[in-house]
Amino acid sequence: MKKIVVLLFCSLFAFSIGSCKRKKYTEVVEVPLPTAEEKMTIGIPEDVKAEAGAFEIAKLAYSYDVFATKIDPLTMEMHYSKHYLTYTNNLNKALAGTELENIPIEDIFKKLDMTNADLRNNLGGYFNHTLYFDIITPKDSGKPSDTLSSAIDKDFGSFENFKTSFSDTATKQFGSGWAWLVVDKSGKLQVTSTPNQDNPLMPRMEIAGTPILGLDLWEHAYYLGYQYKRKNYIDNFFTIINWKKVSERYEDAIKK
Ligand code: MN
């Protein structure tokens, strides 16, 4: 009899715990979760505005979703509306009230104090992203102009050699940084890479000159779509380069 009473007591206890658990579980399930559609809402570049200052965020010539598998929409949105915007705002803050506030960006680079980490990072971050978003296109990426094409053949031997050199340099850049095609002081084309947000316009760079093509190698530029496969991101970059823009930049650079 004792056993029956104990068993009955235990089952009642277990039942009450069970019903209690069930109640809690029901409450959790009733909390509305974001739908897949809500999670994937992507904004529009036109809504992104920098705070007032010396430099404005450059407009995008395309929406965030146009690169499909080459660069996923969420990466494009975060990159433009968060990373690039932050560099722009921080650059303006760093320049506000200084003698560098109202001079052309090339001159700011010439006068840059490399020990001023705040200005160095945000000036580079602003310039580099302005270039990067300008020289990619979802449409037909075209070919280098005759002038640029001849220069590539002259300085690298062939377009394929240039591509290999650029890809190797980008692949070897350890950690965050950029790969560049640069017009150096003598007008020669060179491939180089820089760490962090540095670029070849900064003082005392190993390869100095005007960058005309830049590839962002920070993980924020590709990780959602490519994870550890940085090489695939580098390879795909060659299918979205806007060669018309790069050629224009080349022709401007050799006039200087
Ligand atoms: Mn970036």
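The preceding data block contains the structure.
Since the model is a prediction, treat every value here as computed from it, not as a measurement.

Draft legend 1. Spotlight on the pattern of salt bridges. Within this structure, the stated rule accounts for eight salt bridges. One salt bridge connects R249 with D134, and the closest N-O pair in it is separated by 3.0 Å. Of this pair, R249 sits in helix α10 (residues 243–255) while D134 sits in helix α5 (residues 117–134); the two residues are 115 residues apart in sequence, bridging distant segments of the chain. Among the salt bridges present, the one from K154 reaches D155, with a minimum N-O distance of 3.5 Å. On the basis of relative accessibility, which here comes to 68%, the residue K154 falls in the exposed class. What makes D155 buried here is its relative accessible area of 17%.

Draft legend 2. Looking closely at the environment of N128. Examined against the element boundaries, N128 turns out to sit in helix α5. Looking at N128, the relative accessible area reads 0%, which means it is buried. Those residues in contact with N128 that sit more than four places away from it in its chain are W178, W180, Q197, D198 and N199.

Draft legend 3. Structural detail: the pairing of strand β1 (residues 177–184). Burial runs high along β1: eight of the eight residues are buried. Taking every second residue as pointing to the same face, both faces of β1 are buried, with G177, A179, L181 and V183 on one and W178, W180, V182 and D184 on the other. Where β1 meets strand β2 (residues 189–195), seven bridges bridge the pair, whose relative direction is antiparallel. Note on β2: the bridge partner recorded for A179 is S193. Connecting the antiparallel pair β1 and β2 is a turn made up of four residues, with G187 showing a positive phi of about 90°. Bridge analysis of β1 against strand β3 (residues 209–216) gives seven bridges, and the strand direction is antiparallel. Each bridged residue has a counterpart across the sheet, and for W178 the counterpart in β3 is D216.

Draft legend 4. Here's a closer look at the coordination of the manganese ion. Protein-derived coordination of the manganese ion comes from H79 (NE2), H129 (NE2), D216 (OD) and H220 (NE2), at a distance range of 1.9 to 2.1 Å. Of note, the manganese ion draws all its donor residues from one chain, in the sequence arrangement H-x49-H-x86-D-x3-H. With a gap of 50 residues between them, H79 in helix α3 (residues 73–95) and H129 in helix α5 connect regions that are remote in the sequence. An identical accessibility class is assigned to H79 and H129; each is buried.

Draft legend 5. Seen up close, the side chain of S81. Position of S81 among the secondary structure elements: in helix α3. Here S81 falls in the buried class, since its relative accessible area comes to 10%. Separated by 2.6 Å, the side chain of S81 and the backbone oxygen of E77 make a polar contact. Contacts of S81, omitting those with residues within four sequence positions, involve V48 and Y64.

Draft legend 6. Looking closely at the nonpolar core. Among the nonpolar cores identified, the biggest contains 64 residues, and F162, L189, L213, L215 and F237 are the most heavily contacted of them. Looking at this core element by element, the count peaks at seven residues for α5. Apart from residues lying up to four places away in sequence, F237 is in contact with Y132, I135, I136, F166, L213, G214 and L215.

Draft legend 7. Fine view of α10. Compared with an ideal rise of 1.5 Å per residue, which puts 13 residues at 18 Å, α10 spans 18 Å between its outermost C-alpha atoms and is within 8% of the ideal. For α10, the full list of buried residues reads W243, V246, S247, Y250 and A253. Along the axis of α10, the buried residues cluster in a sector spanning 125°; they form a single face. Opposite the packed face of α10, turned more than 90 degrees from it, sit the exposed residues K244 and K255. Summarising the contacts, the buried residues of α10 are in contact with α6 (146–156), α7 (159–172), β1, β2 and β3.

Draft legend 8. Main features of the sheet that holds β1. Strand order in the open sheet formed by three strands is β2-β1-β3, and the pairing between neighbours is antiparallel. In this open sheet, the two edge strands, each paired with only one partner strand, are β2 and β3. The sheet shows a mean angle of 30° between the axes of neighbouring strands, direction not considered. With respect to the sheet, α7 is in contact with β1, β2 and β3, its orientation differing from that of β2 by roughly 10°.

Conventions we followed
- Residues numbered from 1 in each chain as written.
- Predicted model: local features only at pLDDT ≥ 70, side-chain atom pairs only at ≥ 80, totals over all residues.
- Heavy atoms only, no water.
- Salt bridge = Lys/Arg side-chain N within 4 Å of Asp/Glu carboxyl O.
- Helix = DSSP H or I, 4+ residues; strand = E, 2+ residues; numbered from the N terminus.
- Buried < 20%, exposed > 50% of the residue type's maximum accessible area, 1.4 Å probe, protein only.
- Contact = heavy atoms within 4.5 Å.
- Pairing = 2+ DSSP bridges.
- Donors = N, O, S within 2.8 Å, 3.2 Å for Na, K, Ca; no water.
- Polar contact = N/O pair within 3.5 Å; in protein donor to acceptor, adjacent residues only side chain to side chain.
- Core = buried A, V, L, I, M, F, W, Y, C linked by side-chain atoms within 4.5 Å.
- Expected span 1.5 Å × (residues − 1).
- Arc of directions from axis to C-beta.
- Axes fitted to C-alpha atoms, helices over the stretch in contact; angles between N-to-C directions.

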